[in-house]
Amino acid sequence: MTHPIHQTVILGGGFTGLFTALHLSHHHYPRSVILIDRDERFCFKPLLYEYCSGEMDAQKVVPRFDQLLQDSGVVFVQDTVQEIDLPQREVKLASGTIYNYSNLVLALGSVTGYFGVEGVKENAFPLRTQQNAIAIDQQLRDCLQRAVQTIDPHIRRQLLTVAVIGAGPSGVEMAATLADLLPYWYEALGGTPEDIRIVLINHGSQILKGDINDPLREPTYQELQKRAVPVELIMEAQATAIRPDAVEYQKDDKTHTLPTSTAIWTTGTSTNPLIKDLPIPKDKRDHHGRPYVTPTLQLLDFPEVFAGGDCAAIQDNSLPPTAQVAYQQGKAIADNLFALAFDRQLLPAQVNIRGTLLKLGISNGAANLFEEFEVTGEMGHLIRQGTYLELLPTPARNLKITAQWLQDEIFHRYLSDGNLNRAVKVAQVVGGVAVGAIAAKKLINAIGKNKGTS
């Protein structure tokens, strides 16, 4: 006699996977939950730019899974998924361990897309993980140090030129951040900050083309030129090779070479090979190879399997690959898993796009809220930071870090200058319930102290 397995396995600890696990724990899900990821840390990818620049530390951007899941009842397994056998309902790991499941959640995310360009994998830097951020930081600091010491102007120019390939949101945010950051780093070493070059190379004719951030294109163009060094734009240029000392690209039917020691690759992503290998026919996948799911986020032929984020596509309902979508899908999957466990009706996932956010330099950003309000500059930065801090996993971390950020970024800055009106406006628009509650309390206390001393 065989006993049924009542076990939910979640593959991937990104936004969809982690928040599925956390919501299941919050709802006291009656079945065991296992979260499997190859890394020991959750990576809050929208804030990796702040991690690179030193604006936020590892505790905020790349916290450990075992800390996030402490006392949750969720079992975390650090291992690499080797094979997913849907018919047999089992997952095989690189360690040799095999997990059977009653329900499976596919949240493996996407992988870096190289698109057949020569030398990308060997010579370019992606930005998707903490390790990527550390590698970029080390590369840039090494180049600046070498540039200060060299007397050859051609070698110095190559060392001080950074090429960012791809002008989607990742490329724009990276270029803007480096255009503010590197001049200060170089000046601190005794170099001339104006010698820094940040070059953004894009295959299309416009930045943010076809992206959810499209409404922010014009203000983004302007902000890129306002950085400590203006970002140079090379549009309608297709990268053809990445060398250790140069980027080659085609433009106007001619091959051009940009001498550089640092190329950062942000051109896009590809479907995870594990997802491509699933026994799902082509007619049940989108043009990226992602399987279609039902409105309840279940695979069409395997209803015991849920999928979200970059691992799935809803037919006739295109959603952007953003943190807010993945987070909401994680909650929807958890709700439906809970419904299944108690034989209740499953509900379609409801995803609300609340706006778009871009980092456009140190303490600078842009926000398009509900397609109605557009905010740029320092206020855009505050809205972006506050909104993402509201998404930090687990309420305890959320409140603690949000309170710390509010104190550092808003209240010390604005209340010390006596600018209460501006602080009130920031408190009203940044973040959600947690931010508003803390902001209101601090403002009331500050106003009371001001009145008492006037």
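Scroll up a little and you will see the structure.
To keep things clear, this report deals only with the structure shown in the data block. Predicted model only: the values in this text are computed from it and were never measured. (Residues numbered from 1 in each chain as written. Predicted model: local features only at pLDDT ≥ 70, side-chain atom pairs only at ≥ 80, totals over all residues. Heavy atoms only, no water.)

## Description of the packing of aromatic side chains
Rules: Only centres within 6.5 Å qualify two rings of Phe, Tyr or Trp (six-membered ring in Trp) as a pair; their planes then separate them into stacked at under 30 degrees, edge-to-face at over 60, and tilted for everything else. Think of it in three bands: residues with accessible area under 20% of the maximum for their type are buried, residues over 50% are exposed, and the middle band is partly exposed, with areas taken using a 1.4 Å probe on protein chains only.
For the structure on display, the rule yields eight aromatic pairs. Measuring from centroid to centroid gives 6.2 Å for F42 and F44, while their planes differ by 85°, and the two rings are edge-to-face. Residue F44 is classed as buried on the basis of its relative accessible area, which comes to 0%. Centroid distance F42 to F65: 6.4 Å. Interplanar angle 70°. Geometry classified as edge-to-face.

## Observations concerning the environment of R38
Applied cut-off: A run of H or I in DSSP becomes a helix once it reaches four residues, and a run of E becomes a strand once it reaches two; helices and strands are each numbered from the N terminus. In what follows, residue pairs with any heavy atoms lying within 4.5 Å of each other are defined as contacts.
Tracing the chain through its elements places R38 in the loop between β2 (32–37) and α2 (48–53). You can call R38 exposed: its relative accessible area is 58%. Excluding its chain neighbours within four sequence positions, the residues that come into contact with R38 are Q78, D79 and T80.

## Looking at the environment of T296
Going by this rule: Two N or O atoms count as a polar contact when they lie within 3.5 Å, although within protein this holds only if one can serve as hydrogen donor and the other as acceptor, and sequence-adjacent residues are included solely when both atoms are side-chain atoms.
Examined against the element boundaries, T296 turns out to sit in the loop between β17 (292–293) and β18 (305–307). Remark: the alpha-carbon pair of T296 and I314, spanning 18 residues in sequence, is separated by 9.5 Å. The residues contacting T296, other than those within four sequence positions of it, are F306, N336, L346, L347, P348 and A349. Among the polar contacts listed, one links the side chain of T296 to the side chain of Q298, at a separation of 2.6 Å.

## Some words on unusual backbone geometry
Residue D252 is not a glycine yet carries a positive backbone phi of 55°. Along the chain, D252 falls in the loop between β13 (246–251) and β14 (254–259).

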